[in-house]
Amino acid sequence: MKLSLLAAAAAWLVAGAAQADTFTITGALTSTDATFNRPFTLTSLSGVGTAVHYDTFSFLGAAGGSYEFKMAPGAGSTVDTFLLLYAGSFDPSSPLTNLVALNDDVPGVNYSAFSYTLTAGAVYTVVSTAFNNTDLGSYTTTVTPVPEPETYALMALGLAAVGLGVRRRQRHMG
């Protein structure tokens with residue numbers, strides 16, 4: 001009985017410390033989607049992606065902290081992804097306004113990923129798009145919190161407590 005209560009308490013500590021916003025957006029860039037001149041850097045527009053199709057997703061950063069943003073082609077898709085993050089709203093007629101992060105080809109070709117520290121209570125807009133004007137296809141974009149060092153410390157403490165409980169139980173049974 002003590003072991004299960006200890007394990008439940010450790011799990012509650014770890015889960016409580018790790019709670020944050022996690023989003024998974026699945027979609028497809030199609031020829032009927034709106035287009036815009038995609039940024040190339042935080043301060044310049046692309047000369048290649050001058051009319052790329054895009055999808056947007058806005059969310060409230062309820063929990064602040066470091067987050068990882070990833071975009072990957074969907075199953076069977078060869079779309080060369082390009083991922084952008086805006087603090088606040090996204091205006092396709094002014095694509096550099098509010099732009100705070102972007103990426104192409106990390107961790108490899110056709111994939112996009114970056115980390116960004118969100119402010120609690122602020123609104124953000126993720127723009128899932130492509131590198132070239134003709135890139136179309138399905139994709140998955142994910143937004144996940146990066147665990148803080150304290151979360152790892154709590155997990156280690158919880159696992160140690162469970163291990164100690166198991167060891168004590170084995171001694172009393174043996």
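Conventions and cut-offs
Residues numbered from 1 in each chain as written. Predicted model: local features only at pLDDT ≥ 70, side-chain atom pairs only at ≥ 80, totals over all residues. Heavy atoms only, no water. Core = buried A, V, L, I, M, F, W, Y, C linked by side-chain atoms within 4.5 Å. Buried < 20%, exposed > 50% of the residue type's maximum accessible area, 1.4 Å probe, protein only. Helix = DSSP H or I, 4+ residues; strand = E, 2+ residues; numbered from the N terminus. Contact = heavy atoms within 4.5 Å. Pairing = 2+ DSSP bridges. Polar contact = N/O pair within 3.5 Å; in protein donor to acceptor, adjacent residues only side chain to side chain. Axes fitted to C-alpha atoms, helices over the stretch in contact; angles between N-to-C directions. Phe/Tyr/Trp six-rings, centres within 6.5 Å; stacked < 30°, edge-to-face > 60°.

Caption draft 1: Spotlight on the nonpolar core. Core analysis: the largest hydrophobic core is formed by 18 residues, its most contacted members being F59, F69, L85, L118, V126 and V143. Mapped by element, the contributors of at least two residues to this core are strand 1 (23–29), strand 4 (65–73), strand 5 (81–87), strand 7 (112–118), strand 8 (122–130) and strand 9 (137–145). Here V143 is in contact with D21, T22, F23, F59, Y67, E68, F69 and V126, once residues within four sequence places are set aside. Counting residues in each nonpolar core, the second largest holds 10 residues, with V52, F82, L99 and V127 among its members.

Caption draft 2: Structural view of the sheet that holds strand 3 (residues 52–61). The strand order across the open sheet formed by 5 strands is 2-3-8-5-6, and the pairing between neighbours is antiparallel. Strands with a single pairing partner mark the edges of an open sheet, and in this sheet they are strand 2 (35–36) and strand 6 (99–103). Bridging between strand 5 and strand 8 involves 7 bridges; their strand directions are antiparallel. Paired with L83 across the bridge in strand 8 is S128.

Caption draft 3: Broad picture of the side chain of N103. Secondary-structure assignment places N103 in strand 6. You can call N103 buried: its relative accessible area is 13%. A distance of 2.9 Å separates a polar atom in the side chain of N103 from the backbone nitrogen of A113. Contacts of N103, omitting those with residues within four sequence positions, involve F82, L83, Y111, S112, A113 and F114.

Caption draft 4: Inspection of unusual backbone geometry at higher detail. A cis amide bond, omega 15°, links V106 with the succeeding residue P107. Its location among the elements puts P107 in the loop between strand 6 and strand 7. We note that N98 has phi near 75°; this positive angle belongs to a residue other than glycine. Inspection of the secondary structure puts N98 in the loop between strand 5 and strand 6. Using a relative accessible area of 33% as the deciding quantity, one classes N98 as partly exposed. Of note in this structure, D105 is not a glycine but carries a positive phi near 65°. Looking at the secondary structure, you find D105 in the loop between strand 6 and strand 7.

Caption draft 5: Broad picture of the pairing of strand 8. Among the 9 residues that make up strand 8, 7 are buried, leaving the element largely enclosed by the rest of the structure. As judged from the 8 bridges shared by strand 3 and strand 8, these two strands associate in the antiparallel manner. Looking at the pairing, Y54 lines up with T129 of strand 8.

Caption draft 6: The sheet that holds strand 4, seen in detail. The antiparallel open sheet is built from 4 strands, whose spatial order is 1-9-4-7. Looking at which strands have only one partner, the edges of the open sheet turn out to be strand 1 and strand 7. Averaged over all neighbouring strand pairs, the angle between strand axes comes to 20°, with direction disregarded. Where strand 4 lies against strand 7, 7 bridges are found, and the strand directions are antiparallel. Across the sheet, F69 pairs through a bridge with F114, a residue of strand 7.

Caption draft 7: A look at the packing of aromatic side chains. Counted according to the given criterion, the structure contains 10 aromatic pairs. Aromatic side chains F69 and F114 sit 5.1 Å apart centroid to centroid with 20° between the ring planes, which places their arrangement in the stacked category. Note that F69 is positioned in strand 4 and F114 in strand 7, a separation of 45 residues in sequence. For the residue pair F69 and F114, the accessibility class agrees, reading buried in each case. Three or more aromatic residues link up through ring pairs in this structure, and these residues are F23, F57, F59, Y116 and Y124.

By themselves these figures say nothing about function.
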